[in-house]
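Summary of structural features
Here's the letter readout for the chains.
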Protein chains: 2
Amino acid sequence: MAMTPAPKSLSEVHDLIAKFPGLDADAAMAAEMREPSLTKPPGSLGRLEEVAHWLASWQGRHPAKVEAPQVIVFAANHGVSAQGVSAYPPEVTAQMVSNFEHGGAAINQISHAADATMKVVDVGVTEGTQDFSTGPAMTEESFCNAFGQGMAAVNVSTDLLAVGEMGIGNTTTAAALSHALHGGTAETWTGAGTGVEGAALANKVRVVGESVALHKAETNDPLDLFRRLGGLELVAIAGAITRARLERIPVLLDGYVCTAAAAPLAAAAANALDHCLAGHVSAEPGHTHLLEKLGKVPLLDLNMRLGEASGAAVAIALVKMATAYHSGMATFDEAGVTDKNESP
Amino acid sequence: MAMTPAPKSLSEVHDLIAKFPGLDADAAMAAEMREPSLTKPPGSLGRLEEVAHWLASWQGRHPAKVEAPQVIVFAANHGVSAQGVSAYPPEVTAQMVSNFEHGGAAINQISHAADATMKVVDVGVTEGTQDFSTGPAMTEESFCNAFGQGMAAVNVSTDLLAVGEMGIGNTTTAAALSHALHGGTAETWTGAGTGVEGAALANKVRVVGESVALHKAETNDPLDLFRRLGGLELVAIAGAITRARLERIPVLLDGYVCTAAAAPLAAAAANALDHCLAGHVSAEPGHTHLLEKLGKVPLLDLNMRLGEASGAAVAIALVKMATAYHSGMATFDEAGVTDKNESP
């Protein structure tokens, strides 16, 4: 398939999302048909069964395989950091990008343990976004540029994509975007992030609430809200999720920031995230609310809140196990095991 | 270390449990000391941090490693099956043992995906136990024999053990044992197992309640209740857990039946399961109650209810990721990343 060109306007992004392909009905049916023949009580592998079927449906092949998983961490800085919303200074973003490049971060080790390739893509560590508490975070041009970088980062020969982010200040961005898209109060969506509390947390809540009020007065379009209240690494994640859909690559979402990056796609078209599973639920309370709004039940709940695609990458192991059992198990006939569901 | 001889009486099992070694304080301290130096916000890997520390503490070395995990499935039949408590006939146990031996079961595929060795040990498929609804399930001699087989099955060079079971009728055994040890009502502890419902489930509840009443009238000793209401594969699991403790091998528990097999050890000595983590929580409701009684929080909640060590074996992947990040990550100093916790 020729690569879909990167969109040049928010309107072109809308057009792309509206034309997202659906699941592969033949592969989905083949997975459904095989399941009850396997030597186990029906349904006894629980969510692993759902994962096996999801993988086949969105890879568009049965048996599905996970042989070349890819982890991508998008990194950028946030103008809103100037409002004192993070426990760490913005220079940590660049330091952590270097740490990713040298293999020293958690995601390097977790990706290795998952036999996944991992890369970090700098989509705006130096330039960052504008401070959205005073104006739009980015122009339409910079939005489309980051979206295109996200699309281009996906290796088309991968069979499972885990996406994540690094960006000091970006739980503030996630909170603002979630609040803008899904209503409620700023408090509901705003948490400790890397570790703000007390007066600093109250300030973060205030910044989120006032910023959302500022931009919601201008638009209700989910992609324009994304441009106004998003971050470059979040937009790149949305681009990667979009490219994965077009290339039949199932996606594992990471934590709050990653899910907030996916949320505008779902707001633009209800089925836009059907090829995505929530790898885990973060300890950041806003993530629980956002997953509920998106109708996603996370695979893992390990009280993690690091980001960096770490929760999504841990979940790669579960997807591998799902495809392993579904493809490799013997059927009742093959094993000579009595099936209670068969007539004698 | 010379192998501890298998106990020859319930009293010798009590003595063995009473002398269980504790965790390795040096390894535990080394893990605690390294954690805050790693390039991430404190606590941000959630339960993976707890798992990394647990592994070091019970392997007795830092850094801990998971290079040779072992999965053992113990199989046996249950006299109580004659009471019509299972949706499958007892011959399925032998058929599934053959399926394990030929690589066709879910646990074969999941173990392979976890890079673990896997073996099935027949501890009483042909002979089974006596029907505990009318008398004790086994003699003290057969109890000790199964316990010794469990001890002997553990490969002493393994560094992480996942245990599980196969035995038609054994959720009835798990329910009876849990009810005997932890009180409550028979309904609380009795679930669908491989798929009984309606009148068959009501019959299963009745059998559990009446059997527990019968044997509780004779003893309150947890090991004697285990002999009376247990199964040979459950006793073998308890033997394997015991051997693992003595050999400094951390253990992942599987579902309801496996946890019920571990419960008498905890009833005999409160700290007896400190080297064990709950790999997952089963869809069988009694498992949730039993984990609460034992103070264990499961790593995974995937609605699985297969047994066969499947949930424990899936959790091996999480333990690997925990040890990978803890051992492999760079420190703030090594990576040149600003640590908010350090004074400037």
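As the structure is a prediction and not an experimental result, all values here were calculated from the model.

1. Remarks on the overall build of chain A
The helix and strand inventory of chain A stands at 15 helices and five strands. Compactness check: chain A gives a C-alpha radius of gyration of 20 Å against a globular reference of 20 Å for 344 residues, within 12% of the reference. Dimensions of chain A, computed from C-alpha atoms along their principal axes, come out at roughly 70 × 40 × 40 Å. For chain A, buried positions account for 64% of its 344 residues. Partitioning the contacts of chain A with sequence separation of at least 6, the portion at a separation of at least 24 is 80%. As displayed, chain A offers around 11,700 Å² of accessible surface, 51% of which is attributable to carbon and sulfur atoms. Within chain A, one finds 21 positive and 37 negative side-chain charges whose respective centroids are separated by 3 Å.

2. Notes on the interface of chain A and chain B
Counting residues at the interface gives 51 residues for chain A and 51 residues for chain B. Inspection of the chain A/chain B interface yields zero salt bridges. In this assembly, chain A and chain B are joined by 16 residue pairs in polar contact (both at pLDDT 80 or more). When residues in the side of chain A that touches chain B are grouped by element, the largest group, nine residues, is from helix α14 (residues 310–328) of chain A. Among the residues making up the side of chain A that touches chain B, the classes are represented as 31 nonpolar, 16 polar and four charged.

3. Section: the sheet that holds strand β3 (residues 160–166) of chain A
Sheet strands line up and pair through hydrogen bonds in the backbone, either parallel or antiparallel. Residues and elements named next belong to chain A. With respect to topology, five strands assemble into an open sheet ordered β2-β1-β3-β4-β5, the strand pairing being parallel. The two strands at the open ends of the sheet, each matched to only one other strand, are β2 (117–124) and β5 (276–278). In this sheet, adjacent strand axes meet at a mean angle of 25° when their direction is disregarded. Bridging between strand β1 (residues 69–76) and β3 involves seven bridges; their strand directions are parallel. Its bridge partner lying in β3, Ala75 is registered against Met166. Across the sheet, helix α11 (residues 232–246) lies against β1, β2, β3, β4 (251–253) and β5, angled at about 175° from β3, the strand it touches most. Packed on one face of the sheet, α14 meets β1, β3 and β4 and runs near 165° to β3.

4. Remarks on unusual backbone geometry
Residue and element names in this part refer to chain A. The peptide bond linking His62 to Pro63 adopts the cis configuration, its omega dihedral lying at 5°. As for its position among the elements, Pro63 is in the loop between α3 (47–59) and β1. Unlike most non-glycine residues, Asn303 shows phi in positive territory, near 60°. Note that Asn303 resides in the loop between α13 (285–294) and α14.

5. Comments concerning the packing of aromatic side chains
All names here are of chain B. Scanning the entire structure with this criterion turns up four aromatic pairs over all chains. Their ring planes at 85° and their centres at 5.5 Å tell us that Phe143 and Phe226 sit as a pair that is edge-to-face. Pair noted here: Phe143 is in helix α6 (residues 140–153) and Phe226 is in helix α10 (residues 222–229), with a separation of 83 residues, a long-range link. Phe226 carries the same exposure label as Phe143, and that label is buried.

6. Examining the pattern of salt bridges
Residues and elements named next belong to chain A. If you walk through the whole model with that rule in mind, you get 18 salt bridges over all chains. When the shortest N-O distance is used, the salt bridge between Glu49 and Lys40 registers 2.9 Å. A relative accessible area of 9% places Glu49 in the buried class. By relative accessible area, Lys40 is classed as buried at 4%. One salt-bridge network, in which partners are shared between bridges, spans Glu35, Lys40 and Glu49.

7. Let's talk about the confidence of the model for chain A
Detail in the predicted coordinates should be disregarded across regions flagged by low pLDDT. Of the residues in chain A, 98% have a pLDDT of 70 or more, and the chain-wide mean is 96. No element of chain A has a lower mean pLDDT than helix α15 (residues 332–335) of chain A, at 95, and none a higher one than β4(A), at 99.

8. Things to note about the packing of helix α7 (residues 170–182) of chain A against helix α12 (residues 256–268) of chain A
Residue and element names in this part refer to chain A. α12 packs onto α7 with a crossing angle of 30° between their chain directions and a minimal axis gap of 9 Å. Relative to α12, α7 is oriented roughly parallel. When you trace α7 past α12, the crossing you get is left-handed. Residues Asn170, Thr171, Ala174, Ala175, Leu177, Ser178, Leu181 and His182 of α7 form the contact with α12, whose participating residues are Tyr256, Val257, Ala260, Ala263, Pro264 and Ala267. Along the lines of polarity and charge, the residues of the contact of α7 with α12 split into ten nonpolar, four polar and no charged.

9. Digging into the relation of the copies chain A and chain B
Mapping chain A onto chain B calls for a rotation angle of 180° and an axial translation of 0.0 Å; the resulting RMSD is 0.0 Å. Here the two chains are linked by the operation of a two-fold rotation axis. Take the interface residues of chain A: 98% of them recur as interface residues in chain B, which is what a same-surface contact looks like.

10. Quick word on the layout of surface pockets
Taken as a whole, the largest pocket encloses approximately 830 Å³ of empty space. Taken together, 34 residues line the largest pocket, and the ones lying closest to its centre are Ala113(A), Asp115(A), Lys320(A), Ala113(B) and Asp115(B). Partitioning the lining of the largest pocket into residue classes produces 16 nonpolar, ten polar and eight charged.

11. Overview of helix α5 (residues 106–113) of chain B
A large share of α5(B) lies buried, amounting to six of its eight residues. Listing the buried residues of α5(B) in full gives Ala106(B), Ile107(B), Asn108(B), Gln109(B), Ile110(B) and Ser111(B). If you follow the buried residues of α5(B), they end up packed against α3 and α14 of chain A together with β1 (69–76), α4 (91–101), β2 (117–124) and α14 (310–328) of chain B. Once α5(B) ends, the next one or two residues include Asp115(B), with phi positive near 55°.

12. Considerations on the environment of Ala94(B)
Residues and elements named next belong to chain B. Tracing the chain through its elements places Ala94 in helix α4. What makes Ala94 partly exposed here is its relative accessible area of 40%. Taking the C-alpha atoms as reference points, Ala94 and Pro21, 73 residues apart in sequence, are found 37 Å from one another.

13. Considerations on the sheet that holds β2(B)
Residue and element names in this part refer to chain B. Strand order in the open sheet formed by five strands is β2-β1-β3-β4-β5, and the pairing between neighbours is parallel. Strands with a single pairing partner mark the edges of an open sheet, and in this sheet they are β2 and β5 (276–278). With direction set aside, neighbouring strand axes in the sheet form an average angle of 25°.

14. As for the environment of Thr172(A)
On the secondary structure map, Thr172(A) appears in helix α7. Each C-alpha atom of the pair Thr172(A) and His78(A) lies 9.2 Å from the other, and the pair is 94 residues apart in sequence.

15. Quick look at the pairing of strand β3 (residues 160–166) of chain B
All names here are of chain B. When you tally the buried positions in β3, you get seven out of seven residues, the bulk of the element. Side-chain alternation along β3 places Leu160, Ala162, Gly164 and Met166 on one buried face and Leu161, Val163 and Glu165 on a second face that is also buried. Bridge count between β3 and strand β4 (residues 251–253): two bridges; the pairing is parallel. Paired with Leu161 across the bridge in β4 is Val251.

16. Focus on the state of the cysteines
Residues and elements named next belong to chain A. Counted according to the given criterion, the structure contains zero disulfides over all chains. Counting only cysteine sulfurs, Cys258 is the nearest neighbor of Cys276, a cysteine outside any disulfide, at a range of 8.2 Å. Owing to a relative accessible area of 1%, Cys276 belongs among the buried residues under this scheme.

Conventions we followed
- Residues numbered from 1 in each chain as written.
- Chains lettered and ligands numbered in written order.
- Predicted model: local features only at pLDDT ≥ 70, side-chain atom pairs only at ≥ 80, totals over all residues.
- Heavy atoms only, no water.
- Helix = DSSP H or I, 4+ residues; strand = E, 2+ residues; numbered from the N terminus.
- Rg over C-alpha atoms; globule rule 2.2 N^0.38 Å.
- Buried < 20%, exposed > 50% of the residue type's maximum accessible area, 1.4 Å probe, protein only.
- Contact = heavy atoms within 4.5 Å.
- Areas by Shrake-Rupley, 256 points an atom, 1.4 Å probe, with all protein chains shown as cover.
- Lys, Arg positive; Asp, Glu negative; His and termini not counted.
- Charge placed at Lys NZ, Arg CZ, Asp CG, Glu CD.
- Salt bridge = Lys/Arg side-chain N within 4 Å of Asp/Glu carboxyl O.
- Polar contact = N/O pair within 3.5 Å; in protein donor to acceptor, adjacent residues only side chain to side chain.
- Nonpolar A, V, L, I, M, F, W, Y, C, P; charged D, E, K, R; others polar.
- Pairing = 2+ DSSP bridges.
- Axes fitted to C-alpha atoms, helices over the stretch in contact; angles between N-to-C directions.
- Phe/Tyr/Trp six-rings, centres within 6.5 Å; stacked < 30°, edge-to-face > 60°.
- pLDDT = per-residue confidence, 0-100.
- Parallel < 35°, antiparallel > 145°, perpendicular 65-115°, else oblique.
- Left-handed = near helix turned anticlockwise from the far one by under 90°.
- Least-squares fit on C-alpha atoms with pLDDT ≥ 70 in both.
- 1 Å grid on protein atoms, 1.4 Å probe; cavity = no way out; pocket = protein on both sides within 12 Å on 5 of 7 lines; lining within 4 Å.
- Points joined across faces, edges and corners; volume = space filled by probe spheres on them.
- Disulfide = S-S within 2.5 Å.

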